[in-house]
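Chain by chain, the residues:
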Amino acid sequence: MTDAQVLTLFGLFLLGLLATLLVVRALRGARGAGDHDALPAGPEATVIVDGSNVMHWGGDPSLAVLLRVLDALRDLGHVPAVVFDANVGYKLFDRFHGHDAMARALEMPERLILVVDRGDVADTAILAVADEANLPVVSNDRFREWSVQYPWVKKKGRILRGAYDNGAVTWTHPRR
């Protein structure tokens, strides 16, 4: 895949997120700004999922764990968008998987999936999108090395952490 193709796919990914954000804002206006559920952003908010981190919540990389976490987010009313490192396919399927293949594996629209190009760091895309759209990130990564560029990573509730054990997803309260 060329750099231009990756940029085009990333642009489409961002457009999909922004379109979703507009719908979210419209829904928030209809429901009322104070109408929130368990996660800090509210039930109708979009979240960015650090897919390469979340797939390890149960130990070894697992598509089943990632699918269960995505289902748990949807059960709370969220619309997840997932960003992966380039090696995700090798870790889960022993071969490369791009945006389209990961979208099929997760049964999600391709516009909500991003597999970064080899040599790129997924954290860059995760934090840039979350920053631009003011969205929470689902990850157990603390993003310490990014805290100067993105000081909000240290704010309670912006990084949603969790765990997976015996088929159950639990959400943990982030520490300051």
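Scroll up for the structure.
In terms of regular secondary structure, the protein chain is built from six helices and six strands. Each helix and strand of the protein chain, placed in order from N terminus to C terminus, yields the pattern α-β-α-α-β-α-α-β-α-β-β-β. Among the 176 residues that make up the protein chain, the fraction classed as buried is 46%. Within the protein chain, residue pairs in contact and separated by at least 24 positions form 58% of the contacts whose partners lie at least 6 positions apart. Carbon and sulfur atoms make up 52% of the accessible area of the protein chain, which amounts to about 9,200 Å² in all.

Our focus in this paragraph is unusual backbone geometry. Within the chain, asparagine 134 stands out as a residue other than glycine whose phi angle is a positive 55°. Locating asparagine 134 in the fold gives a position in the loop between α6 (122-133) and β4 (137-138). Judged by its relative accessible area of 55%, asparagine 134 falls in the exposed class. One non-glycine residue with positive phi stands out, namely phenylalanine 143, at about 50°. Tracing the backbone through its elements, the reader meets phenylalanine 143 in the loop between β4 and β5 (159-165).

A separate point is the packing of aromatic side chains. All told, the structure shown has three aromatic pairs when counted by the stated rule. Ring centres 6.1 Å apart and planes at 80° place the aromatic pair tryptophan 57 and tryptophan 171 in the edge-to-face group. Of this pair, tryptophan 57 sits in the loop between α2 (51-54) and α3 (63-75) while tryptophan 171 sits in strand β6 (residues 168-172), placing them 114 residues apart in sequence. On the basis of relative accessible area, tryptophan 171 is assigned to the partly exposed category, the value being 25%. One aromatic cluster in this structure is built from Trp146, Tyr150 and Trp152.

Right, let's get into the pattern of salt bridges. A full pass over the atoms with the stated rule returns three salt bridges. Notably, a salt bridge pairs arginine 74 with aspartate 71, separated by 3.1 Å at the nearest N-O pair. Taken together, the residues arginine 74 and aspartate 71, both in helix α3 and three residues apart, mark about one turn of the helix. Of the residues examined, arginine 74 reaches a relative accessible area of 33% and is grouped as partly exposed. Salt-bridge contacts for aspartate 100 lead to arginine 104; the nearest nitrogen and oxygen are separated by 3.9 Å. Highlighted residues: aspartate 100 and arginine 104, both in helix α5 (residues 99-106), separated by four residues, approximately one helical turn.

On to the sheet that holds strand β3 (residues 113-115). Reading across from one edge, β3-β2-β1-β4-β5-β6 is the order of the six strands in this open sheet, with mixed pairing throughout. The two strands at the open ends of the sheet, each matched to only one other strand, are β3 and β6. Relative to β6, β5 runs antiparallel, the two being bridged by five bridges. If you follow glycine 162 over to β6, its bridge partner there is tryptophan 171. Lying on the sheet, α3 is in contact with β1 (46-50), β2 (79-84), β4, β5 and β6; it crosses β6 at an angle near 65°. Against the sheet, α5 contacts β2 and β3, and its axis sits at roughly 135° relative to β3.

Conventions we followed
Residues numbered from 1 in each chain as written. Predicted model: local features only at pLDDT ≥ 70, side-chain atom pairs only at ≥ 80, totals over all residues. Heavy atoms only, no water. Helix = DSSP H or I, 4+ residues; strand = E, 2+ residues; numbered from the N terminus. Buried < 20%, exposed > 50% of the residue type's maximum accessible area, 1.4 Å probe, protein only. Contact = heavy atoms within 4.5 Å. Areas by Shrake-Rupley, 256 points an atom, 1.4 Å probe, with all protein chains shown as cover. Phe/Tyr/Trp six-rings, centres within 6.5 Å; stacked < 30°, edge-to-face > 60°. Salt bridge = Lys/Arg side-chain N within 4 Å of Asp/Glu carboxyl O. Pairing = 2+ DSSP bridges. Axes fitted to C-alpha atoms, helices over the stretch in contact; angles between N-to-C directions.

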